[in-house]
Amino acid sequence: MTTVAVSFPSNGTLTSSLNIPIVEDGSLQLSTNVRQAYNPNTPLNCTLEDAVSAADRYMHVYGQPPNPLQLVTEWLNLLRWEIAHFWTVDSVNNEITPSATLAVSHEHRLRCGEILAYGITLLLTEQRLQIPRQNFFFYEHTAARPDFVINLSQNHRFGVAWNRFRYGLESRWRKSQANLHQKDTRDLSRKKSSTASNILSGTIAVYCFYGTGSHHTNGVVKTRLHLADPPNRGEKMSVTESAEVVLQHYASVCSRIGLWEYRDYLQKVCEQFSNLRSEIPQWEAFDSSAPNTSVVLRKYNGQSYVGTCYAPPEVILTNGDEVGPRFIYWGLNAKVLRMIRESSWDELITYCDENVKAVWDQKTKAESNRISNYSVSSDGVIKYQTSTPTSTDLKALDSTSSVND
């Protein structure tokens, strides 16, 4: 029986490489150290697929579904479909513009556009400030606040830390402006002055502007990343605070891959961190209700990864649409799992996957780590997909290796 899956137009919107210019706001300038790290004179090299891939962090899988990777993949495919139909990419002029293929409202484009802004902001900050991805967390609060920030209470889930200091990241997807509108300036000031932001060392705003050509008033290109906002004053984070942030991140990573024992253990450790009088459970003594995980072990560039795989349904091609992947594998570096089992929280805070660290150290032009069908992120997550599975790929679907091998 043939099954129809989501297919995407072969227009290059997701896969075309962009060199997006970066401009610093003239009125709300960055502090010296932040400006030097972001290096506004050098464009950001990425694809919109890179931004989509970074968006998976917003999904945390509860319970123990038989294939969590399928849930995450299908959610990301919905985003890919919207982006491929609602937006157009010009890789020659490095421009992003609304597509005329479908008649949709601004709100339709805005939903996937905001996800793109989050992903691009994460990619830019991760690569330029060389912050491993486990240090980014999304912030949930009813008060005025940046989109990404660290503040460890039960109401806050995600954030970003740099050199153990808390920084807020305001991320926006907007039709291009020559300069920030007064409303944007007021919003930034309000978020900085609120109680939710009083622990920050800075609030960096990244406005992802789209459009064709340049503005007549100042000649600045329309499609660009517009950086704004001076620093606040904040206190340095403790090791315990940093560890809690990182463990929350990896609990979500393990939930998306299906490493249930690790997810449950990390969630328990986070609960104990919140209760300072509680003893932190050791891996050997932890009793998880999750079943033993059937995992697939893979090596890539000398690094070992533990993960799960998924065979998407067959895609029926129409009107020249591209073939989707027939085999998908996601894994987590075995070194990360070893640090979790050994409670090596200090090591986990500063960990960076060797495949990404090599790119950062070489300062290559290809900022996103895309090699062949593999992609590796700084937190140790590997993603592999192919439309022509090998015999090894097909055998992996029946693999039952032990997670601790």
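A brief look at the structure comes next. (Residues numbered from 1 in each chain as written. Predicted model: local features only at pLDDT ≥ 70, side-chain atom pairs only at ≥ 80, totals over all residues. Heavy atoms only, no water.)

## With respect to the overall build of the chain
1) Next: Of the regular secondary structure elements, the chain holds eleven helices and 16 strands.
2) Next: Carbon together with sulfur atoms contributes 49% to the accessible area of the chain, which is approximately 18,200 Å² in total. (Helix = DSSP H or I, 4+ residues; strand = E, 2+ residues; numbered from the N terminus. Areas by Shrake-Rupley, 256 points an atom, 1.4 Å probe, with all protein chains shown as cover.)

## Topic: the side chain of Asn355
1) Next: Take Asn355: it is sitting in helix α10 (residues 354–362).
2) Next: On the basis of relative accessibility, which here comes to 8%, the residue Asn355 falls in the buried class.
3) Next: In terms of polar contacts, Asn355 uses its side chain to reach the side chain of Asn301, at 3.0 Å.
4) Next: In terms of polar contacts, Asn355 uses its side chain to reach the side chain of Tyr305, at 2.9 Å. (Buried < 20%, exposed > 50% of the residue type's maximum accessible area, 1.4 Å probe, protein only. Polar contact = N/O pair within 3.5 Å; in protein donor to acceptor, adjacent residues only side chain to side chain.)

## Examining unusual backbone geometry
1) Next: The phi torsion at Asn39 lies on the positive side, around 50 degrees, for a residue other than glycine.
2) Next: Relative to the helices and strands, Asn39 is located in the loop between α1 (32–38) and β3 (44–46).
3) Next: Phi at Asn301 is positive, roughly 50 degrees, even though this residue is not glycine.

## What about helix α4 (residues 106–128)?
Given 3.6 residues per helical turn, the α-helix brings residues three or four places apart onto the same face.
1) Next: Between its first and last C-alpha, α4 extends 31 Å over 23 residues, near the 33 Å set by a 1.5 Å rise per residue.
2) Next: Bending of α4 peaks at approximately 25 degrees at the position of Cys112.
3) Next: Positioned one or two residues after α4, Gln130 has a phi angle of 50 degrees, which is positive. (Expected span 1.5 Å × (residues − 1). Bend = angle between axes of the 7 residues up to and from the residue.)

## What about the environment of Ser387?
1) Next: Structurally, Ser387 is set in the loop between β16 (381–386) and α11 (391–396).
2) Next: Relative accessible area serves as the criterion here: at 39%, Ser387 is assigned to the partly exposed category.
3) Next: When the C-alpha positions of Ser387 and Ile328 are compared, they lie 9.1 Å apart, and in sequence the two are 59 residues distant.

## Describing the state of the cysteines
1) Next: Here the structure, examined in full by the defined rule, presents zero disulfides.
2) Next: This cysteine, Cys208, is not joined by any disulfide, and Cys46 carries the nearest cysteine sulfur, 8.9 Å off.
3) Next: Under the relative-accessibility criterion, Cys208 is labelled buried at 2%. (Disulfide = S-S within 2.5 Å.)

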